[in-house]
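# Summary of structural features
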Amino acid sequence: MRLSAVVALAVLAVATPSFAAPKAAAISDAAERKMVATIDAERERNVQLLEALVRVNSGTMNLAGVERVGQMLRPEFEQLGFQVRWIPMAKVGRAGHLIATHKGDGKGKRILLIGHLDTVFEPDSPFQGWTRKGDIVEGPGVGDMKGGDVVIVSALRAMHAAGTLKRADITVVLTGDEEKPGEPLAVAREDLIAAGRASDVALDFEGLSQAGGKDVGSIARRSSTSWTIRARAKSGHSSGVCKPNAGCGAIYELARIVDAFRRELPEPNLTYNVGVILGGTEAGLNAEDTGGQASGKPNVIAGEAVARGDIRTLSPEQEARVRARMQAIVAAHLDKAEAEIEFSDDGYPPMAPTAGNRALLAKLNAVNATLGLPEMPAGDPANRGAGDISFVAFIDGLVGMGMAGEGSHAPGETADLTSLDRQAKRAALLITRLSREPRAKP
Ligand SMILES: [Zn+2]
């Protein structure tokens, strides 16, 4: 889930002007000056924390490793006055979540900060360890998203040093299974959803999106849900295939359906993949949902066919519309054939590009102006896969508050340390400003 396409064009990075933020002195607000100065002063501390976290393997299914990373972050929050809880998730076969809450004056916006502790690199992955070459660090999960977890800590430490944390109501939720969520999702994400219900704004610290070497804002994420089509038809001797008496069989019926999907459904921000297809006299999916088996003969009309695929949309309305159109296509059966489509409810919902999210990006750009950083345009949501913030898309949100990097989910993953400072400064000022805004809900 994931950060599917952090587009960081290394070649362009060389040509792109550096993000040299102005010295703190240029900033008019004393507290904001203090936050920027604190982050600059604590640069090496942040890098050491990141190295320590990356050196501990926390592949999602390495439950002890995920919990260890959680326990390493616990004191970082406790020393800033947060109440920290570890929520075990054995009930869905996962490690658990770390939740840290800071009670402020109860007047300002309640801010939810989202991250995850796990990575896609299990202990048997050859990609372990940490290397640093100047501002580029390499290691499992360094960009996705232990760097983002350190951005959260660095921003909150700066707020603490500047005295702006005191009055802020903040909840931090670091899930332990973002890369391979436990099931049912409704249980695996109930604590995150509850934290969202008790908040006004959500900031997700997954990797920073870049386009052409420039930072962009992320106001939307697409959903990730799946579907299954099962087709059945009268089987028989192939000499009569597609004749009125025999019909064309289940494979032609399924081929009709997926081809109609390809030709008739395209629209902006929508993708729908067919990941596996099986057909024959008999055909079925295996329990692991990783394929299946089919048997049949060239001279026998296929009696069964099955396919699995996904849908990625940008809004609940688009999801509903596409599902209805798929249903209609499936229902237009060939003669003597039948089929039905089943949609999984256990998927990631979309985070639509709402007016509230755009307004939040505008506030982030006001912070960029204060910091002397370039304006961040809204990035293309199709470039980001599904992610945890979508579970709280009922409140205004921004994603991509974490570090910039390359090659996430693959050996050789890197992150750019200059983005750590930049993002920590952005987050510290934005969270502080939001915490001073009157609360949306009583
Ligand atoms: Zn991630």
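Being a predicted model, the structure only gives us computed values, none of them experimental.

What counts, and at which threshold
- Residues numbered from 1 in each chain as written.
- Predicted model: local features only at pLDDT ≥ 70, side-chain atom pairs only at ≥ 80, totals over all residues.
- Heavy atoms only, no water.
- Domains from an automatic or database assignment.
- Contact = heavy atoms within 4.5 Å.
- Buried area = accessible area lost by both parts, 1.4 Å probe.
- Polar contact = N/O pair within 3.5 Å; in protein donor to acceptor, adjacent residues only side chain to side chain.
- Nonpolar A, V, L, I, M, F, W, Y, C, P; charged D, E, K, R; others polar.
- Axes fitted to C-alpha atoms, helices over the stretch in contact; angles between N-to-C directions.
- Helix = DSSP H or I, 4+ residues; strand = E, 2+ residues; numbered from the N terminus.
- Left-handed = near helix turned anticlockwise from the far one by under 90°.
- Buried < 20%, exposed > 50% of the residue type's maximum accessible area, 1.4 Å probe, protein only.
- Donors = N, O, S within 2.8 Å, 3.2 Å for Na, K, Ca; no water.
- Tetrahedral: all angles 85-135°; square planar, octahedral: opposite > 155°, others 65-115°.
- Core = buried A, V, L, I, M, F, W, Y, C linked by side-chain atoms within 4.5 Å.
- Pairing = 2+ DSSP bridges.
- Arc of directions from axis to C-beta.

A word on the domain arrangement of the protein. A common measure of how large an interface is: the accessible area buried when the components associate. Considered domain by domain, the protein is made up of domain 1 (13-221 + 349-435) and domain 2 (225-343). Between the C-alpha centres of domain 1 and domain 2 the distance comes to 41 Å. Taken residue by residue, the interface counts eleven residues in domain 1 and six residues in domain 2. Counting each side, the surface lost to burial between domain 1 and domain 2 is near 480 Å², with a carbon and sulfur contribution of 69%. Looking at the side of domain 1 facing domain 2, the largest losses of area belong to Pro 350, Ala 352 and Pro 381, adding up to 60% of the total buried there. The tally of links between domain 1 and domain 2 comes to zero residue pairs in polar contact (both at pLDDT 80 or more). Across the side of domain 1 that touches domain 2, the residue classes tally to eight nonpolar, one polar and two charged.

Another point: the packing of helix H8 (residues 250-264) against helix H9 (residues 316-331). Packing of H8 against H9 leaves a shortest axis separation of 9 Å and a crossing angle of 145 degrees. By crossing handedness, the relation of H8 to H9 is classed as right-handed. Judged by residue contacts, Glu 253, Arg 256, Ile 257, Ala 260, Phe 261 and Glu 264 of H8 engage Arg 325, Met 326, Ile 329 and Val 330 from H9. Along the lines of polarity and charge, the residues of the contact of H8 with H9 split into six nonpolar, no polar and four charged.

For Asp 215, the position within the fold is in strand E9 (residues 214-216). Asp 215 gets classed as buried once you look at its relative accessible area, which sits at 3%. Reaching out from Asp 215, the side chain makes a polar contact with the side chain of Arg 422 at a distance of 2.8 Å. Of the polar contacts made by the side chain of Asp 215, one reaches the side chain of Arg 426; its length is 2.9 Å.

Below, the discussion takes up unusual backbone geometry. A cis amide bond, omega -5 degrees, links Asp 144 with the succeeding residue Met 145. You can see Met 145 is positioned in helix H5 (residues 142-162). In this chain, Glu 183 is followed by Pro 184 through a cis amide linkage whose omega measures -5 degrees. One non-glycine residue with positive phi stands out, namely Cys 242, at about 65 degrees. Topologically, Cys 242 is positioned in the loop between strand E11 (236-237) and H8. What makes Cys 242 partly exposed here is its relative accessible area of 42%.

A word on the coordination of the zinc ion. The protein atoms that coordinate the zinc ion are His 116 (NE2), Asp 144 (OD), Glu 206 (OE) and Glu 206 (OE), at distances spanning 1.9 to 2.5 Å. Taken together, the four donor atoms coordinating the zinc ion span angles of 55 to 144 degrees at the metal, a pattern that classifies the geometry as irregular. In primary sequence terms, the donor set of the zinc ion follows H-x27-D-x61-E. In this pair, His 116 is assigned in strand E3 (residues 110-116) and Glu 206 in the loop between strand E7 (201-204) and strand E8 (209-211), connecting sequence segments 90 residues apart. We note that His 116, like Glu 206, is buried.

In this section: the nonpolar core. In terms of nonpolar packing, the biggest core is built from 71 residues, with Phe 77, Leu 156 and Leu 203 touching the most fellow members. Looking at this core, the element that brings in the most residues is H5, giving eleven residues. Ignoring sequence-local partners within four residues, the contact set of Leu 203 consists of Ile 111, Leu 112, Leu 113, Ile 114, Leu 360, Leu 398, Met 401, Leu 430 and Ile 431. If you look at the next biggest cluster of nonpolar residues, it comprises 24 residues, including Ile 229, Phe 261, Ile 311 and Val 322.

Our focus in this paragraph is the pairing of strand E6 (residues 169-175). Moving residue by residue along a regular strand, the side chains alternate between the two faces of the sheet. The buried fraction of E6 is high, at seven of seven residues. Side chains Asp 169, Thr 171, Val 173 and Thr 175 project from E6 onto one buried face, and the interleaved Ile 170, Val 172 and Leu 174 project onto a second face that is buried too. Sheet analysis places strand E2 (residues 96-102) next to E6, joined by five bridges and oriented antiparallel. Looking at E6, one finds that His 102 is bridged to Ile 170. The pairing of E3 with E6 spans seven bridges and is classified as parallel. Residue pairing in the sheet places Leu 113 in a bridge with Val 172 of E6.

What follows is about the environment of Val 66. Within the element layout of this structure, Val 66 appears in helix H4 (residues 63-78). For the pair Val 66 and Arg 94, spaced 28 residues apart in the sequence, the C-alpha separation amounts to 9.1 Å. Not counting residues within four places of it along the chain, the set of residues in contact with Val 66 comprises Asn 57, Ser 58, Gly 59, Thr 60, Trp 86, Ala 95, Leu 117, Asp 118 and Gly 176.

Attention now moves to the sheet that holds strand E10 (residues 225-233). Within the open sheet, the four strands sit side by side as E12-E16-E10-E17. Their pairing is antiparallel. Across the chains shown, the open sheet's two edge strands, defined by having one partner strand only, are strand E12 (271-280) and strand E17 (337-343). For this sheet, the mean inter-axis angle between neighbouring strands, taken without regard to orientation, is 15 degrees. Here eight bridges tie E10 to strand E16 (residues 304-312), and the two strands are oriented antiparallel to one another. Within the sheet, the bridge partner assigned to Thr 228 lies in E16 and is Arg 308. Running over the sheet, H8 touches E10, E12, E16 and E17 and is turned about 145 degrees from E10. Sheet strands in contact with H9 are E10, E12, E16 and E17, and its direction is about 165 degrees off that of E17.

Moving on, we come to helix H7 (residues 190-197). Those residues of H7 that fall on the buried side of the exposure criterion are Asp 191, Leu 192, Ala 195 and Gly 196. Viewed end-on, H7 has its buried residues packed into an arc of 140 degrees, placing them on one side of the element. Where H7 is buried, its residues meet strand E1 (83-88), E2, E3 and E6.

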